[in-house]
Amino acid sequence: MGVLGSLWRDLPVGRKIVAPYLVLTLLVGALVSAVATQQLAGEGAHQLSLLALHEQDNLNTVFNAVEERQLSELRLLSAADGVEPAIATGNPAGLRARLLPLIVDQLPDQVEVAVGNAQGHQLLSLRADPQQPGGCICQAGTGPMAYDRAADVLAGRSDRYGSRFVGLYGAGVERRLYTIGPVMDAGGAIVGAIAVSETLDQILAELAQSSHLQVALFDPQGDALASSAALNVAVPSLDARDRAAAVAGSSTVVRPVSAGGESEAIVFVPWILRYQPCGYVAMMVPTDPLAAAQALVVPVIVGVCLAALLLTVIVGSLVTRAITSPLREVLKATAEVGEGHLEHRATVRSGDEIGRLTASFNAMTELLQERTSRLERLSDDALLSLSATIDARDRYTHRHSIRVAAYSHVLGRAAGLSRAELDVIRRGCLVHDIGKIGVPDRVLAKPGPLEPDELAEMRRHPVTGRRLLRGMAWERGVYDIVLHHHERWDGTGYPLQLMGEAIPKVARIVAVADALDALTSTRPYRPAHTFNRAAREIIAGGGGQFDPAIVELFAKHRAEIAEIWRSLQPRPAREHSRPALTVAS
């Protein structure tokens, strides 16, 4: 195209757009103004529905998190040592002694715990006293349990979601959301029930803090249950048909309101508990931006002229092609980078604003790639430093966490785990013994068997580790490894005595790797085993201490693990009773 082509290529984008459309835009707008106005109104309603759907997801996310949290707390309390016999014998004092430390140390202050016996009589209710550290607000022997699902739990009933149920009880500011489940003895008989609850006002405060939502909760009959403190408008009432639609979510129910001189709308959506609608929620969403958009666009469109449509199509297609081609290149590069391909670069085709934007995007991506790599290295270094700090507590287990991570990687890969899951295992292995920070040196380095109180102190390190890491935004698998790597397949492990596949898979994998390094490491009370002797003990433990499927993978990849073991040993371990055997392939 010569000189003209060069000038056009470097012409600012604004002039590229204005020059051909200076006259045409004055002719087209009047023709499309009426249609555009109608479309904008429909789009406004659509955007309001999308906004309501998004806020509903935020709401349900918070309630799902509360349910998951209560379920986790319920499992922890039900599995605590001494709880089952204390319930069976009707011993409120014993229950308080066993449950209060868990509530004070591990559960939020606002949680209330209630315990009942097999006959449905409440033995004890307690919650942490915010005015007295380490104390509780406790009440024993208060009559029948006040939970409508207590009878289902004590009768051993369950639905497709399990034997634990969710529900509401109470009235006014004390209306509470609870999760209740059974407590069983060693023979599987139900000896009682435990309920964990929080007030709806507390949950709505959590919702307002995390999602900035102001809502009101209603039961299916339209009776108000609770509302956010900042919801300062009267929520319109619904008739029976709209209430049914709101509970079922079959259509979007919207009512306009006015708050502080601004245009708002109340949107009614289903309230979901335990995957079932239990009422509906009134949420306030702003509508001022939608109304302002309609008022702004209409006069702009009306000012545009109604002629030269054919010329507009011809010229517009040529101009659009010249502008959108490099933009498509930038959009493609943006999508690639968004999917994690930070090495991708867009091609710079011109020297105008789009060309400079493309060059800036490439520079930004290069910087992002460099900083991402640096952050990944820093994250790995931090984990390795934390791992070294943990292992340094015990001179007999130096670099223990690194070796466990190496063995677990082989077993996880053999089990078909994804790259992301293998990274979770690596991170979990590096911090799996962080709870030992709270174990005294006299217990860690004791040159002989531990006394019962010392053993109990040692066995608290998984729970301590889980509590230490609760503020970290890591994948759940990391916490499963920290809490459950000492669980046993036969249910005799600790801290929760989980059995079989109730133990998270990543924890079952790490349990085998942890045992291998423990057996092949020198301890105060015994010398290190050779790899072969340790491997035989692990294989013999399949179906008892270890998941038999993981043990089978260990046996299949024994030679590979042995090679890694040798590479990580400062010197070959030797047995005192007989020479080391060659690892079979």
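Residues numbered from 1 in each chain as written. Predicted model: local features only at pLDDT ≥ 70, side-chain atom pairs only at ≥ 80, totals over all residues. Heavy atoms only, no water.

Draft legend 1. Representation of the packing of helix 19 (residues 531-540) against helix 20 (residues 548-556) in the model. Across the interface, helix 19 lies against helix 20 with an axial gap of 10 Å and an inter-helix angle of 150 degrees. Classified by the angle between their axes, helix 19 and helix 20 sit roughly antiparallel to one another. Helix 19 and helix 20 meet at a crossing whose hand is left-handed. Along the contact surface, helix 19 presents Phe531, Ala535, Ile538 and Ile539, while helix 20 presents Val551, Phe554 and Ala555. (Axes fitted to C-alpha atoms, helices over the stretch in contact; angles between N-to-C directions. Helix = DSSP H or I, 4+ residues; strand = E, 2+ residues; numbered from the N terminus. Parallel < 35°, antiparallel > 145°, perpendicular 65-115°, else oblique. Left-handed = near helix turned anticlockwise from the far one by under 90°. Contact = heavy atoms within 4.5 Å.)

Draft legend 2. Looking closely at unusual backbone geometry. Cis rather than trans, the peptide bond between Tyr494 and Pro495 has omega equal to 10 degrees. With respect to the helices and strands, Pro495 occurs in the loop between helix 17 (476-484) and helix 18 (505-519). A positive phi angle, close to 55 degrees, is found at Arg274, a residue other than glycine. Positionally, Arg274 belongs in the loop between strand 10 (262-273) and strand 11 (276-286). Here Arg274 falls in the buried class, since its relative accessible area comes to 11%. Although it is not a glycine, Gln497 sits at a positive phi angle of roughly 55 degrees. In this structure, Gln497 sits in the loop between helix 17 and helix 18. Taking the relative accessible area as the measure of exposure, Gln497 reaches 32% and is therefore partly exposed. (Buried < 20%, exposed > 50% of the residue type's maximum accessible area, 1.4 Å probe, protein only.)

Draft legend 3. Geometry of the packing of aromatic side chains. Scanning all chains against the criterion turns up nine aromatic pairs. The structure contains a cluster of three or more aromatic residues connected by ring pairs, namely Tyr147, Tyr169 and Tyr178. Here Arg466 stacks its cationic end above the ring of Tyr479, 4.3 Å away from the centre of that ring. (Phe/Tyr/Trp six-rings, centres within 6.5 Å; stacked < 30°, edge-to-face > 60°. Lys NZ or Arg CZ within 6 Å of the ring centre and 35° of its normal.)

Draft legend 4. Region of interest: the confidence of the model for the protein chain. Looking at the protein chain as a whole, the pLDDT averages 79, with 75% of positions reaching at least 70. In the model of the protein chain, helix 9 (residues 288-302) stands out as the element of lowest mean pLDDT, 55, in contrast to helix 20, which has the highest, 95. Below pLDDT 50 for its whole length, residues 573-585 participates in 25 contacts with residues either more than four positions away or in separate chains. (pLDDT = per-residue confidence, 0-100.)

Draft legend 5. Spatial organisation of the nonpolar core. Counting 31 residues, the largest nonpolar core has Leu411, Ile425, Leu516, Phe531, Phe554 and Ile561 as the members making the most contacts within it. Of all the secondary-structure elements, those providing two or more residues to this core are helix 12 (400-414), helix 13 (419-430), helix 18, helix 19, helix 20 and helix 21 (558-568). Per-element tally for this core: the top contributor is helix 18, with eight residues. Beyond its immediate stretch of four places on either side in the chain, Leu411 contacts Ile509, Val512, Ala513, Ile550, Leu553, Phe554 and Ile561. (Core = buried A, V, L, I, M, F, W, Y, C linked by side-chain atoms within 4.5 Å.)

Draft legend 6. View of helix 19. The set of residues buried in helix 19 consists of Phe531, Asn532, Ala534, Ala535 and Ile538. Buried residues of helix 19, seen end-on, are gathered within an arc of 160 degrees and therefore sit on one face of the element. Buried residues along helix 19 sit in contact with helix 18, helix 20 and helix 21. (Arc of directions from axis to C-beta.)

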